[in-house]
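Breakdown of the fold
Residues per chain, in single letters:
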Amino acid sequence: MTKPKISSDWMAGCSGCHMSLLDIDERLLEIAELADIRATPITDLKEPDESGVDVGILEGGINNSSNEEVAHRMRARSKILVALGDCAVFGGVPALRNMCGTQEALQRAYVDIESNDESGKIPNDPELAVMSNMRAIHEVVTVDLHVPGCPPDPDVIYYVLKELAQGRMPEIKDENLHWH
Amino acid sequence: MINLTINGKQIEVEDGTTVLNAARQNDIKIPTLCDHPNLTPYGGCRLCVVEVKGMRVPIASCTLPASNGMVIETETDSLKKSRNVILSLLFSERNHFCPFCQVSGGDCELQNAAYDEHMTHWPMQPQWTNFPVDTSHPFFILDNNRCILCRRCIRACAEMSGNFTLGVEERGSATIVVADTNVPLGQSTCVSCGSCVQVCPTGALIDRTSAYLGHDKQMTITRSVCRGCSLGCGIQIHTRDNRIVKITGDYEAENVGTLCKTGRFLSLDEKRTRLTSPMKRVAGQLTATSWEDALTTLAQNLTPLKGNIAALASTRLSVESLSAFKSLFADGLSSNMVTSIEEGRPTAIQAKYAEQNGFAIEGKLDMLRTADCVLLIGADLLTTHEVAGFYIKRNMPKGTRLIIVDPNENGMDDLANINLKPKAGTDEAVFNALEAAVIKEGLAHTAEKTSKVSLSSALQVCGLSEEDLTDAARMLAEAVAPVIVYGKGITTSSEVSVMDAMLRVAKLIGASDSERRGILSVKGEANSLAAAQLGLDEQLEVKHEAVYVAVGDDYVTKRLVEKLEKVPYLVVQASYESALTERADLILPVNIWAEEAGHALNTEGRLQFAESALTAPEGVRSNLDVLNEVAKQLGVTVNEDWRTALTKRTSVVELEM
């Protein structure tokens with residue numbers, strides 16, 4: 001039997017969930033034994049195999065057209081899509097801007113903020129991704145497994161990876177279920 | 001009894017039990033949010049829905065009375081799905097992002113409910129609306145974004161403190177919790193009892209002191225007794241790293257969780273400077289010294305003055321300490337002036353009366369739960385013994401009537417059905433007038449036909465109108481369970497006869513008879529009654545060469561400091577710096593209330609043990625240790641049998657030791 005392929009990517013998040021993934025420390029070797037770790041933001045390969053992977057993991061939510069593309073690509077190429085962390089599952093910290101709207105958030109961050117001088121302006125390069133409200137992944141594509149946490153505990157991530165690498169669906173409950 | 005079946009289990013419950021409570025009594029867990037065991041069922045959140053055989057839709061079990069033959073299921077797949085949807089709707093209504101919230105991680109009932117249902121995400125996303133946050137209150141914050149509209153806070157405000165400050169404004173998902181007519185909490189009628197914070201299931205109401213200092217599971221929780229006044233409310237002291245994080249009301253205690261501002265917040269808001277080393281006056285200056293030297297100095301100065309030492313103790317000290325204090329100074333050193341800081345003002349007269357007559361005249365606090373008419377005379381409960389005031393206030397919407405007799409302004413003036421403002425110091429005349437009026441109206445519960453004093457002459461003395469007085473007399477005499485609550489207005493009278501007059505009225509209106517003693521006094525500080533029982537209730541007169549004051553962590557009045565100004569040698573046993581310690585010749589630093597274990601005898605004679613919750617700073621000793629050490633230095637053996645010492649004198653209320 002061939003090893004299941006695992007790939008990951010990040011979107012609107014802080015990369016903390018991937019840091020937590022690295023915090024599983026030497027257990028990473030165990031996962032590498034069980035699974036074929038493909039494209040991730042912290043490996044050389046940047047995009048999941050066109051031929052598809054067994055497990056696609058996404059950190060962060062979706063707040064612009066670029067994230068949307070990443071989410072759709074990962075969905076299309078993975079059998080099981082995992083939303084990792086509170087931003088991916090609920091919207092998380094970036095979703096706070098939904099409370100005031102994207103325009104007001106940009107105005108505050110780039111123009112009005114106290115540390116700015118008079119020349120502050122909202123970036124408008126046409127090559128930039130188009131911004132939207134912050135959304136949880138399941139609002140854009142179907143998610144098969146939600147692993148909440150800010151970030152999820154390394155032990156939870158290890159459990160999830162180990163189960164998925166062995167072809168089982170992890171059960172997120174009791175000590176593995178934390179929303180914070 | 002009612003017989004019903006829950007999840008296939010045959011169970012029997014009392015009539016009037018809700019399905020939810022029937023399940024709880026039989027260890028069947030039904031998840032709840034708006035329900036609180038100490039508040040009236042509300043049926044708001046619907047999380048406790050169950051399936052009842054024969055009924056079309058699931059029903060909230062918290063408001064459903066159990067009835068005979070009911071067949072109930074609580075764990076079907078369809079119910080689990082319903083709970084999931086209910087929780088998802090709650091989460092989607094406001095900003096319930098857990099990572100930003102103080103109670104997340106164990107203390108949030110909403111989060112815990114979602115965990116129990118194994119919810120990994122919200123099927124519906126929030127509606128991204130901002131709701132107001134009210135930070136105007138000195139002790140807590142109301143964040144409507146975290147609110148699930150369970151209305152526990154509103155029910156607690158009404159049912160625990162009887163204050164009715166909190167309510168809601170708007171409708172549906174726009175509903176918000178507001179104070180009064182939507183004024184900032186800090187400017188509202190809120191009395192800061194904090195019951196709302198204690199019952200809030202989410203982070204919508206969080207108190208400032210404990211915010212972000214850890215979760216309940218990280219704290220040590222010590223069951224103890226509030227030392228704020230003589231009511232002796234049960235408290236739970238939450239500590240972490242030898243620091244009090246918060247105080248909550250003990251639901252298992254007589255006060256059933258209710259506390260006041262003093263008990264919940266003020267004791268954590270300590271601004272005084274702590275004394276951590278003994279000090280003695282050297283060449284006019286207070287200088288830090290060792291315990292050994294302090295005690296030697298004390299012995300040198302006090303030994304020649306034996307018999308010429310006056311001694312005062314705070315009534316906040318434990319029964320053990322007060323008894324040792326009494327034994328040391330009154331018995332051991334034969335001092336003719338051993339009393340308490342209160343000087344018997346809140347207790348002496350009734351103690352004297354009980355002693356003269358040889359029987360208890362007062363009843364228990366729980367009479368206030370069932371009283372349908374309260375005569376509040378000379379007691380400003382909301383200032384001095386607030387929780388007793390809450391007991392009355394919260395029953396008023398159910399029809400309990402309140403008559404206030406107080407020449408001064410009273411915190412409950414606005415609530416009174418009849419408010420009598422007699423001339424100051426004429427309480428006896430008020431009782432005489434009530435007696436005459438009850439007899440005149442033919443409403444006496446006893447065979448009494450004549451009053452001690454005529455109505456007109458009594459009215460002339462107290463200056464009240466006949467109409468008002470008669471109304472009050474009628475209201476009292478027609479009540480089924482009237483209670484007289486009296487305070488310092490009465491106890492500072494010089495004549496015991498006022499007690500006689502009160503007791504005559506109590507009998508006449510049916511408050512006191514062979515079965516019931518419908519009279520209560522609230523007394524003073526935590527161990528006021530114990531001090532009275534030990535005879536520490538004399539008025540202070542200082543003509544002595546030395547005075548020993550065991551202040552403990554109590555406050556000292558200006559009056560006391562003035563009285564002790566000219567004492568040749570002043571020893572102060574205290575926890576905090578004060579005007580008195582500034583004047584002292586020797587200071588012995590002691591524990592504060594939470595640092596020492598000991599008993600407290602509350603106003604209704606209930607003896608309670610308070611555990612210590614904190615370790616005292618180095619260099620500080622317990623009040624009892626210091627008194628024992630002082631006794632040793634002065635060659636006195638302290639009688640340790642405080643139980644017998646307490647019961648030597650007839651008590652004004654039956655003691656439950």
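Residues numbered from 1 in each chain as written. Chains lettered and ligands numbered in written order. Predicted model: local features only at pLDDT ≥ 70, side-chain atom pairs only at ≥ 80, totals over all residues.

Some thoughts on the domain arrangement of chain B
Residue and element names in this part refer to chain B. Segmentation of chain B into domains returns domain 1 (2-75), domain 2 (125-268), domain 3 (279-346 + 535-596 + 611-647) and domain 4 (348-521). Put simply, the middle of domain 3 and the middle of domain 4, counted by C-alpha atoms, are 37 Å apart. At the junction of the two partners, domain 3 supplies four residues and domain 4 supplies five residues. (Domains from an automatic or database assignment. Contact = placed C-beta atoms within 7 Å.)

Remarks on the sheet that holds strand 11 (residues 220-225) of chain B
All names here are of chain B. The antiparallel open sheet is built from three strands, whose spatial order is 11-12-13. Where the open sheet ends on each side, the last strands, each with one partner, are strand 11 and strand 13 (244-249). Each strand axis lies, on average, 25° off the axis of its neighbour in the sheet, ignoring direction. Summarising the sheet, strand 11 and strand 12 (residues 234-239) pair through six bridges and their orientation is antiparallel. In the strand pairing of strand 12, Thr222 is matched with Ile237. (Pairing = 2+ DSSP bridges. Helix = DSSP H or I, 4+ residues; strand = E, 2+ residues; numbered from the N terminus. Axes fitted to C-alpha atoms, helices over the stretch in contact; angles between N-to-C directions.)

Notes on the packing of helix 13 (residues 427-440) of chain B against helix 17 (residues 497-508) of chain B
All names here are of chain B. Relative to each other, helix 13 and helix 17 sit at 25°, their axes nearing to 9 Å. Classified by the angle their axes make, helix 13 and helix 17 are roughly parallel. Viewed along their axes, helix 13 and helix 17 form a crossing whose handedness is left-handed. Contacts between helix 13 and helix 17 involve Asp427, Glu428, Phe431, Asn432, Leu434, Glu435 and Val438 from the former and Ser497, Val498, Ala501, Met502, Arg504, Val505 and Leu508 from the latter. Split into classes, the residues belonging to the contact of helix 13 with helix 17 amount to eight nonpolar, two polar and four charged. (Parallel < 35°, antiparallel > 145°, perpendicular 65-115°, else oblique. Left-handed = near helix turned anticlockwise from the far one by under 90°. Nonpolar A, V, L, I, M, F, W, Y, C, P; charged D, E, K, R; others polar.)

As for the sheet that holds strand 1 (residues 5-10) of chain A
All names here are of chain A. Reading across the sheet, the five strands line up as 2-1-3-5-7 and stay open at both edges, with parallel pairing between neighbours. The open sheet terminates on both sides in strands that have one partner only, identified here as strand 2 (36-37) and strand 7 (145-147). As judged from the three bridges shared by strand 5 (residues 78-84) and strand 7, these two strands associate in the parallel manner. Residue pairing in the sheet places Val82 in a bridge with Leu145 of strand 7.

As for the interface of chain B and chain A
At the interface, 14 residues of chain B touch 17 residues of chain A. Classifying every residue of the side of chain B that touches chain A by side-chain character gives six nonpolar, eight polar and no charged.

Topic: the packing of helix 13 of chain B against helix 15 (residues 466-478) of chain B
Residues and elements named next belong to chain B. Running from N to C, helix 13 and helix 15 point in directions that differ by 70°, and their axes come no closer than 9 Å. Classified by the interaxial angle, the pair formed by helix 13 and helix 15 is roughly perpendicular. Between helix 13, through Ala433, Leu434, Ala437 and Val438, and helix 15, the contact on the second element is made entirely by Leu469, Thr470, Ala472, Ala473 and Ala477. Grouping the constituent residues of the contact of helix 13 with helix 15 by class yields eight nonpolar, one polar and no charged.

Remarks on the nonpolar core
Ranked by internal contacts, the top residues of the largest apolar core, which has 247 residues, are Leu58 of chain A together with Cys153, Leu376, Ala433, Leu434, Ile484 and Met502 of chain B. Residue contacts for Leu434 of chain B: discarding those within four places in its chain leaves Leu469, Ala472, Ala473 and Val505 of chain B. (Core = buried A, V, L, I, M, F, W, Y, C linked by C-beta atoms within 7 Å. Buried ≥ 20, exposed ≤ 12 C-beta atoms within 10 Å, placed from the backbone.)

Focus: the pairing of strand 2 (residues 9-13) of chain B
Residue and element names in this part refer to chain B. Bridge count between strand 1 (residues 2-6) and strand 2: five bridges; the pairing is antiparallel. Across the sheet, residue Thr5 finds its bridge partner in strand 2, namely Gln10. In this structure, the hairpin formed by strand 1 and strand 2 is closed by a connection of two residues, where Asn7 is found at a positive phi of approximately 50°.

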